[in-house]
Amino acid sequence: MDTAPRTLSTDQEAWLDAIVYDDNGLVPGIAQDATTDKVIMFAFLNRESLRETLRTGNATYWSRSRNRLWRKGEESGHVQRVREIRLDCDGDVVLLRVEQVGGIACHTGRERCFYRRLETEGGAHWVETDPVLKDPESIYK
């Protein structure tokens, strides 16, 4: 995907109408590393965040906790440069294939948010599989 900023006219936004949003105007978004194919993150998107993502070439999500646009990396510097945007067969999940700048997607300082795996031997329990690459205290203010 060309990351040069661009301006969209109203008639160029038909792609946004093809997406099935929930009652809150949100659609699940999966961030996948474009090089390794690892799923690194999940967040919600809305029309505004998708428009901003396309315009800037960097992933922008909708933060439910902040109730505002969340430009990935706005505090940490760990932006996601979008290489490709895909829509699933039902039109209700967006896949962002990204270059994760700095190699850290998770606020815990890990490469990806999905760093816990369910183990069933000896009873079901979660095991942390990915190391902390950078102390979150040094990433966020």
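Since we're looking at a predicted model, the values are computed, not measured.

1. Brief notes about the packing of aromatic side chains
Now for step 1: Across all of its chains, the model carries 2 aromatic pairs by this definition.
Now for step 2: With 5.2 Å between their ring centres and 75° between their planes, F42 and F44 make a pair best called edge-to-face.
Now for step 3: F42 gets classed as partly exposed once you look at its relative accessible area, which sits at 40%.
Now for step 4: On the basis of an interplanar angle of 40° and a centroid distance of 5.3 Å, the ring pair of Y61 and W70 is categorised as tilted. Of the two residues examined, Y61 and W70, each falls in the buried class.
Now for step 5: Across from the ring centre of Y115, 3.8 Å away, lies the NZ or CZ of R110, which sits over that ring.

2. Re the environment of H125
Now for step 1: One can find H125 in strand β8 (residues 125-128).
Now for step 2: Accessibility expressed as a relative area gives 36% for H125, which makes it partly exposed.
Now for step 3: Those residues in contact with H125 that sit more than four places away from it in its chain are R117, L118 and E119.
Now for step 4: A distance of 2.7 Å separates the side chain of H125 from the backbone oxygen of G123, its partner in a polar contact.

3. Focus on the side chain of S76
Now for step 1: The topology assignment puts S76 in the loop between β4 (68-71) and β5 (80-87).
Now for step 2: Among the residues examined, S76 registers a relative accessible area of 18% and is labelled buried.

4. Section: the side chain of R97
Now for step 1: Secondary-structure assignment places R97 in strand β6 (residues 94-100).
Now for step 2: Owing to a relative accessible area of 16%, R97 belongs among the buried residues under this scheme.
Now for step 3: At 2.8 Å, the side chain of R97 forms a polar contact with the side chain of Q32.
Now for step 4: Among the polar contacts listed, one links the side chain of R97 to the backbone oxygen of A34, at a separation of 3.0 Å.

5. Quick notes on the nonpolar core
Now for step 1: With 17 residues, the main nonpolar core has M41, L45, L50, Y61, V94 and L96 as its most contacted residues.
Now for step 2: Those elements giving two or more residues to this core turn out to be β1 (27-33), β2 (39-45) and β6.
Now for step 3: Counting residues per element, this core draws most heavily on β2, which supplies 4 residues.

6. Looking at the UniProt feature "domain: Phosphoribosyl-AMP cyclohydrolase" (unreviewed entry) in the chain
Now for step 1: Per the UniProt entry, the sites bearing "domain: Phosphoribosyl-AMP cyclohydrolase" (unreviewed entry) are residues 41-115 in this numbering.
Now for step 2: Between the end C-alpha atoms of residues 41-115 the distance is 10 Å, and the span holds 13% helix and 37% strand.

7. Quick word on the pattern of salt bridges
Now for step 1: Enumeration according to the criterion identifies 14 salt bridges in this entry.
Now for step 2: As a salt-bridge pair, E84 and R97 come within 3.1 Å of each other at their nearest N and O atoms. Of this pair, E84 sits in strand β5 while R97 sits in strand β6, and the two are 13 residues apart along the sequence.
Now for step 3: Here E84 falls in the partly exposed class, since its relative accessible area comes to 29%.
Now for step 4: Residues joined by salt bridges that share partners form a network here, namely D37, E84, R86 and R97.

Rules of the game
- Residues numbered from 1 in each chain as written.
- Predicted model: local features only at pLDDT ≥ 70, side-chain atom pairs only at ≥ 80, totals over all residues.
- Heavy atoms only, no water.
- Phe/Tyr/Trp six-rings, centres within 6.5 Å; stacked < 30°, edge-to-face > 60°.
- Buried < 20%, exposed > 50% of the residue type's maximum accessible area, 1.4 Å probe, protein only.
- Lys NZ or Arg CZ within 6 Å of the ring centre and 35° of its normal.
- Helix = DSSP H or I, 4+ residues; strand = E, 2+ residues; numbered from the N terminus.
- Contact = heavy atoms within 4.5 Å.
- Polar contact = N/O pair within 3.5 Å; in protein donor to acceptor, adjacent residues only side chain to side chain.
- Core = buried A, V, L, I, M, F, W, Y, C linked by side-chain atoms within 4.5 Å.
- UniProt positions renumbered as here; feature names shortened; annotations may be inferred.
- Salt bridge = Lys/Arg side-chain N within 4 Å of Asp/Glu carboxyl O.

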